[in-house]
Amino acid sequence: RAAMEREFAVYRTNYIALGCNQDAASQAITTAGTVATASAMMTGTFDSSFGTLTLSPSGGSYDYYGGQVQVATINGNVMEGIWTQTRAGRQCPDGRYYGRFRFSFSSAGFSGSSGYCEDEPGAGPWNGTRR
């Protein structure tokens, strides 16, 4: 737990340093060629690989086993953080169920991956389309 809290502290520092805690987050070009803020692309309800995901740049929740996401960093249209659930395919050494995720957003939704415990995202895909 202490290691995860230290990691969150680093992510939070990066998040604030990038200015991602403001509504005027960095901008990205949408597929339609118009400019939209990254925070707007990252906010909303998505049909995802793990059920309905309600998300904002500060975090969110999803249907699968009481899932929660905590955002650690946003860099352009890429969001990274930690997911937690009441159950998962792998239990972490401390007895909890959590892991890292990385999402790349577009106007249509996101593509991404997740991992277990302290592993890098890569255990499987986690994609979503905007509702």
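If you're wondering where the values come from, they're calculated on a predicted model, not measured in any experiment.

1. Overview of the side chain of arginine 100
Consideration 1: Relative to the elements of secondary structure, arginine 100 occurs in strand β8 (residues 97-106).
Consideration 2: On the accessibility criterion, arginine 100 (12% relative accessible area) is buried.
Consideration 3: A distance of 2.7 Å separates the side chain of arginine 100 from the side chain of glutamate 120, its partner in a polar contact.

2. With respect to the nonpolar core
Consideration 1: Leu53, Leu55, Val69, Met79, Phe103, Phe105 and Trp126 are the most contacted members of the largest nonpolar core, which has 17 residues in total.
Consideration 2: When residues no more than four places from it in sequence are discounted, the contact partners of methionine 79 are Met42, Leu55, Ser56, Pro57, Val71, Thr73, Ile74, Phe101, Arg102, Phe103 and Phe105.

3. Observations regarding the pattern of salt bridges
Consideration 1: In this structure the tally under the stated criterion is 7 salt bridges.
Consideration 2: A salt bridge links arginine 102 to glutamate 120, with the nearest nitrogen and oxygen atoms 3.0 Å apart. Separated by 18 residues along the polypeptide, arginine 102 in strand β8 and glutamate 120 in the loop between β9 (109-114) and β10 (124-125) bring together distant segments of the chain.
Consideration 3: Through salt bridges with shared partners, a single ionic network connects Glu80, Arg100, Arg102, Glu118 and Glu120.

4. A look at the environment of proline 121
Consideration 1: As for its position among the elements, proline 121 is in the loop between β9 and β10.
Consideration 2: Separated by 19 residues in the primary sequence, proline 121 and arginine 102 place their C-alpha atoms 6.5 Å from one another.
Consideration 3: Sequence-distant contacts of proline 121, that is, excluding residues within four places in its chain, are made with Arg100, Phe101, Arg102, Ser113, Ser114 and Gly115.

5. Focus on the packing of aromatic side chains
Consideration 1: Summed over the entire model, instances satisfying the criterion amount to 13 aromatic pairs.
Consideration 2: A centroid spacing of 4.7 Å and a plane angle of 75° characterise the contact between tyrosine 64 and tyrosine 65, whose relative ring orientation is edge-to-face.
Consideration 3: When its relative accessible area of 36% is taken as the criterion, tyrosine 64 is described as partly exposed.
Consideration 4: Using a relative accessible area of 31% as the deciding quantity, one classes tyrosine 65 as partly exposed.
Consideration 5: With a centroid separation of 6.1 Å and an interplanar angle of 80°, the aromatic rings of phenylalanine 103 and phenylalanine 105 are classed as edge-to-face.
Consideration 6: The buried category is assigned to phenylalanine 103, whose relative accessible area is 0%.
Consideration 7: Through a chain of ring-to-ring contacts, the aromatic side chains of Phe46, Phe50, Tyr62, Tyr64, Tyr65, Phe101, Phe103, Phe105, Phe110 and Trp126 assemble into a single cluster.

Conventions adopted
Residues numbered from 1 in each chain as written. Predicted model: local features only at pLDDT ≥ 70, side-chain atom pairs only at ≥ 80, totals over all residues. Heavy atoms only, no water. Helix = DSSP H or I, 4+ residues; strand = E, 2+ residues; numbered from the N terminus. Buried < 20%, exposed > 50% of the residue type's maximum accessible area, 1.4 Å probe, protein only. Polar contact = N/O pair within 3.5 Å; in protein donor to acceptor, adjacent residues only side chain to side chain. Core = buried A, V, L, I, M, F, W, Y, C linked by side-chain atoms within 4.5 Å. Contact = heavy atoms within 4.5 Å. Salt bridge = Lys/Arg side-chain N within 4 Å of Asp/Glu carboxyl O. Phe/Tyr/Trp six-rings, centres within 6.5 Å; stacked < 30°, edge-to-face > 60°.

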